[in-house]
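Spelled out, the chains give:
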Amino acid sequence: MKSRAVQITHNGGPEVLQLVEQEVPAPGAGEVLLRHHAVGLNFIDVYQRSGLYQLPLPLNLGMEAAGVVEAVGQDVKHLKVGDRVAYASHPPGSYSERRVMPATHVCHLPDAISFETGAAMMLKGMTAQYLLKKCRPVEGIQPGDFVLFHAAAGGVGLIACQWARALGLQLIATAGSDEKCALALANGAVHAINYRSENFAERVMEITEGQGVKVVYDSVGKDTWEGSLACLRRFGLMVSFGNASGPVAPFAPAVLAAKSLYVTRQTLFAHMHSREATQAMADDLFHVVSSGLVNIHIDQRYPLADVQQAHRDLEARKTTGSSILTL
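None of the values given here were measured: they were computed from a predicted structure.

Asker: What exactly am I supposed to notice about the overall build of the protein chain here?
Answerer: A count of helices and strands for the protein chain gives 9 helices and 16 strands. For the protein chain, whose C-alpha radius of gyration is 20 Å, the value lies close to the compact-globule estimate of 20 Å for 327 residues. Along the three orthogonal principal directions, the C-alpha set of the protein chain runs to about 60 × 40 × 35 Å. Expressed as a percentage of contacts within the protein chain between residues at least 6 apart in sequence, the contacts between residues at least 24 apart total 70%. Carbon and sulfur atoms make up 52% of the accessible area of the protein chain, which totals about 13,300 Å². The centroid of the 28 positive side-chain charges in the protein chain is displaced by 2 Å from the centroid of its 30 negative side-chain charges.

Here's what the structure looks like:
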């Protein structure tokens, strides 16, 4: 069985993304064969393409998709042929029409959620889930507390804005344009700061009347690091979960001392340590989406053959909400 897939043979810019035709094997023990209906785009794909995250080459890209199970290998108990499914998982390879992959992190997709929505939300939605539900300051977090979320008009950010509102949190958003700030506000942020025209750290302290926020959720990295630490209140938590502007430079722990701050570097896949843990996170996400508390914004759609342009737009921060590849 043949399938089109996006592959790289060396690291580099979007031009290294090549559409190839590959043979798809039958699933082995613990594996499933999936036919994708839609594929999600994420910034981690850029990191893997560029080589910031080193993986063996040649490499099929993509971490997220939704589709239908076409075949099931031995020892797979929770899935059967014909099931609607979605996933965000290693190994990469979702930029494809069909693929074989481990079944562990493949989740049933409720009938009420479309394939496009499933593909657009799994990695970003489960990231928002673990950030808001599991990355909490030592003093706890309650309704009414302020949190700061960078890149709030992106796929993870718009989900987090809505979910934070549902939890009663006062989310302060940052984004790179007035239009993106307006989008964050429309999705539940209580304040939005254009970091290109304002000093976000100073503005956060004004909003919180000098107290600072309990948590900063930061996927930007190098450009926002120092300002993020300045925004935190005493015993606050700095949650780093991405490097969109480049990796954070080494720092001396003594910079945390004045306010006794906490710092953590998180990844989604550490939280997906078992099938049960993955399914529980997915079920939480499915619930808030199905109930209408969180809407998934798919603002960009690209045919699989236009994957290079999709990556250019993603890196140039031209996108809002979620982006998908269509098949």
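There's more to say after this.
Asker: When you look at the packing of aromatic side chains in this model, what are you seeing that I'm missing?
Answerer: Working definition: an aromatic ring pair is given by the centre-to-centre distance plus the angle between the planes. Throughout the structure, instances matching the rule amount to 5 aromatic pairs. On the basis of an interplanar angle of 45° and a centroid distance of 5.1 Å, the ring pair of tryptophan 225 and phenylalanine 251 is categorised as tilted. Taken as a pair, tryptophan 225 in helix H6 (residues 225–231) and phenylalanine 251 in the loop between strand E13 (232–240) and strand E14 (262–265) lie far apart in primary sequence, 26 residues in all. The class for tryptophan 225 is buried, based on a relative accessible area of 9%. The exposure class of phenylalanine 251 is partly exposed, given its relative accessible area of 35%. Following the ring pairs from residue to residue traces out a cluster consisting of Phe43, Tyr47 and Tyr53. Sitting over the face of the ring of phenylalanine 115, arginine 84 holds its NZ or CZ atom 4.4 Å from the ring centroid.

Asker: Explanation requested: the packing of helix H2 (residues 115–134) against helix H8 (residues 275–290) in the structure shown.
Answerer: At a minimum axis distance of 9 Å, the contact between H2 and H8 shows a crossing angle of 100°. Compared by their axis directions, H2 and H8 come out roughly perpendicular. The segment H2 lies against H8, with Met121, Met122, Gly125, Met126, Gln129, Tyr130, Lys133 and Lys134 engaging Thr278, Met281, Ala282, Asp284, Leu285, Phe286 and Val289. By residue class, the composition of the contact of H2 with H8 is 9 nonpolar, 3 polar and 3 charged.

Asker: Just checking my understanding: could you explain the sheet that holds strand E1 (residues 2–8) for this structure?
Answerer: Across a sheet, strands are paired by hydrogen bonds formed along the backbone, either parallel or antiparallel in direction. Strand order in the open sheet made by the 3 strands is E2-E1-E4, with antiparallel pairing throughout. Looking at strand neighbours, the two that pair on one side only are strand E2 (18–23) and strand E4 (59–60), the edges of this open sheet. When E1 meets E4, the two strands line up antiparallel, connected through 2 bridges. Counted as the bridge partner of isoleucine 8 is leucine 59 from E4.

Basis of the calculations
- Residues numbered from 1 in each chain as written.
- Predicted model: local features only at pLDDT ≥ 70, side-chain atom pairs only at ≥ 80, totals over all residues.
- Heavy atoms only, no water.
- Helix = DSSP H or I, 4+ residues; strand = E, 2+ residues; numbered from the N terminus.
- Rg over C-alpha atoms; globule rule 2.2 N^0.38 Å.
- Contact = heavy atoms within 4.5 Å.
- Areas by Shrake-Rupley, 256 points an atom, 1.4 Å probe, with all protein chains shown as cover.
- Lys, Arg positive; Asp, Glu negative; His and termini not counted.
- Charge placed at Lys NZ, Arg CZ, Asp CG, Glu CD.
- Phe/Tyr/Trp six-rings, centres within 6.5 Å; stacked < 30°, edge-to-face > 60°.
- Buried < 20%, exposed > 50% of the residue type's maximum accessible area, 1.4 Å probe, protein only.
- Lys NZ or Arg CZ within 6 Å of the ring centre and 35° of its normal.
- Axes fitted to C-alpha atoms, helices over the stretch in contact; angles between N-to-C directions.
- Parallel < 35°, antiparallel > 145°, perpendicular 65-115°, else oblique.
- Nonpolar A, V, L, I, M, F, W, Y, C, P; charged D, E, K, R; others polar.
- Pairing = 2+ DSSP bridges.

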